[in-house]
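A structural walkthrough
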Amino acid sequence: MTVPVPEPVAAPVVIDPVTFKADGLTLAGDLRVPTGEGPRPALVLTGPFTGVKEQVTGLYAARLAEAGYVTLAFDHRNFGSSQGTPRRHEDPQGKLADLRAAVSYLRALPSVDGERVGVVGICLGGGYALRFAAFDPRVKVFAGIAGAYDNPYAMRAGMSDDGYEEALAALTGVLERQDLGGEVEYLPAVAVSGEAAMPGEEPFAYYGTARSAAPSWVNEVTRASVRELITMDGMIGADFLAPKPGLIVHGVVDRLCAPEGAEEAYKRMEGPKRIVWLDARHHIDLYDTEPYVTQAVEATTAFLAEHL
């Protein structure tokens, strides 16, 4: 049974809609600044596949701002209120560039201590955040919540060698048709049955219902986005994160982002690190359900208090 997150109490946080540039594109975000004297440590957040800032990253950004951090939740290129085409296309290198630009934007703010910036990733954003933190010296700490630490080796193992090659061939065919002037091909982001980028009842229970309602979210994604998902290597960030500290928060049961992946990422990190297991039984429990959101926020703020 899903327990909705209660309405937050009034908090001393100022919320400002902001924009910043990444590779010439205008990205839209929500900047949350705790009132009081600054400058403060800051966090940039990146979230689930197809997600927009009014959904999971916005919730965690609000809760972490209440804990005293300047936070930036934003729409990556091609999604939500940000610019970029094709619309609703997953662009791994573009997302990493977006995170770089987001950190540049935060560090220039008078309310931010530019030497104390961290990155928090939820779901697919966990892998992006880990890889980004590993290779950007300005980022001082990484935290992943219900993270997808994908890599091509694991994808191929899960699909079988033949299945992986068949998927690559089919998806490359999509891109070839588009390269030759064909229209961008789309498929549903979620569906209870039938074809979708995230098929099944659990993703639909969040994205297909009022739980995730956001004006800028559309239930579609480019078909070629699936190719990006199965070829992206977020796990490599675990090998290069040290000496930076890293935190992993994960549910003990997670059908969508395997706990084994979280465990492997944790084992491969060599700097100060912590892994926190929550007694959650669904991946989307950590999106918006209590007590799991509060537990994840508390684990994150405790780690940040030590390392940021």
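Description of the structure in this document. Quick caveat, the model's predicted, so the values are computed rather than measured.

Concerning the overall build of the chain
Of regular secondary structure, the chain possesses 11 helices and 12 strands. Taking 19 Å as the expected radius of gyration for a compact globule of 308 residues, we find that the chain reaches 18 Å, a close match to that expectation. Reported as C-alpha extents along the three principal axes, the dimensions of the chain are approximately 55 × 40 × 40 Å. Looking at the chain residue by residue over its 308 residues, the buried ones come to 56%. When contacts within the chain are restricted to residue pairs at least 6 apart in sequence, those whose partners lie at least 24 apart make up 72%. Of the roughly 12900 Å² of accessible surface on the chain, 55% is carried by carbon and sulfur atoms. Side-chain charges of the chain comprise 27 positive and 41 negative groups, with the mean position of each set lying 5 Å from the other.

Here's the deal with the environment of aspartate 285
For aspartate 285, the position within the fold is in helix α10 (residues 285-288). Placed 139 residues apart in sequence, aspartate 285 and alanine 146 show a C-alpha to C-alpha distance of 9.3 Å. Contacts of aspartate 285, omitting those with residues within four sequence positions, involve Ala280, Tyr292 and Val293.

What about the pairing of strand β1 (residues 13-22)?
A regular strand places its side chains so that they alternate between the two faces of the sheet. Relative to strand β2 (residues 25-34), β1 runs antiparallel, the two being bridged by 10 bridges. Considered in β2, the bridge of valine 13 is made with proline 34. Counting the residues in the hairpin turn of β1 and β2 gives 2 residues, including aspartate 23, whose phi is positive at 55°.

Some points on unusual backbone geometry
Here alanine 242 and proline 243 are connected by a cis peptide whose omega angle stands at 10°. With respect to the element layout, proline 243 can be found in the loop between α8 (236-240) and β11 (246-251). Residue proline 291 follows glutamate 290 across a cis peptide bond; omega there is 10°. Even without glycine at this site, asparagine 78 takes up a positive phi of about 80°. Examined against the element boundaries, asparagine 78 turns out to sit in the loop between β4 (70-74) and α2 (92-107). Even without being a glycine, serine 160 presents a positive backbone phi close to 80°. Here serine 160 lies in the loop between α4 (152-159) and α5 (161-179).

Topic: the packing of aromatic side chains
Taken as a whole and judged by the stated rule, the model has 7 aromatic pairs. Where phenylalanine 20 meets phenylalanine 74, the ring centres are 5.5 Å apart and the plane angle is 75°; that geometry is what we call edge-to-face. Of this pair, phenylalanine 20 sits in strand β1 while phenylalanine 74 sits in strand β4, and the two are 54 residues apart along the sequence. Of the two residues, phenylalanine 20 and phenylalanine 74, neither departs from the other in class, the shared state being buried. On the numbers, 5.5 Å between centres and 25° between planes, the contact of phenylalanine 20 with tyrosine 105 is stacked. Residue phenylalanine 20 is found in strand β1, and its partner tyrosine 105 is found in helix α2; the two are separated by 85 residues along the sequence. Exposure class is identical for phenylalanine 20 and tyrosine 105. Each is buried. A connected cluster of aromatic rings, assembled from ring pairs, spans Tyr206, Tyr207, Trp217 and Tyr287.

Overview of the pairing of β4
Of all 5 residues that make up β4, 5 are buried, and the element is covered over most of its length. Residues Val70, Leu72 and Phe74 point to one face of β4 and Thr71 and Ala73 to the other, with burial holding for every one of them. Where β2 lies against β4, 4 bridges are found, and the strand directions are antiparallel. Directly across from arginine 32, in β4, lies its bridge partner threonine 71. Taken together, the 4 bridges between strand β3 (residues 40-46) and β4 define a ladder with parallel strand orientation.

About the cut-offs
Residues numbered from 1 in each chain as written. Predicted model: local features only at pLDDT ≥ 70, side-chain atom pairs only at ≥ 80, totals over all residues. Heavy atoms only, no water. Helix = DSSP H or I, 4+ residues; strand = E, 2+ residues; numbered from the N terminus. Rg over C-alpha atoms; globule rule 2.2 N^0.38 Å. Buried < 20%, exposed > 50% of the residue type's maximum accessible area, 1.4 Å probe, protein only. Contact = heavy atoms within 4.5 Å. Areas by Shrake-Rupley, 256 points an atom, 1.4 Å probe, with all protein chains shown as cover. Lys, Arg positive; Asp, Glu negative; His and termini not counted. Charge placed at Lys NZ, Arg CZ, Asp CG, Glu CD. Pairing = 2+ DSSP bridges. Phe/Tyr/Trp six-rings, centres within 6.5 Å; stacked < 30°, edge-to-face > 60°.

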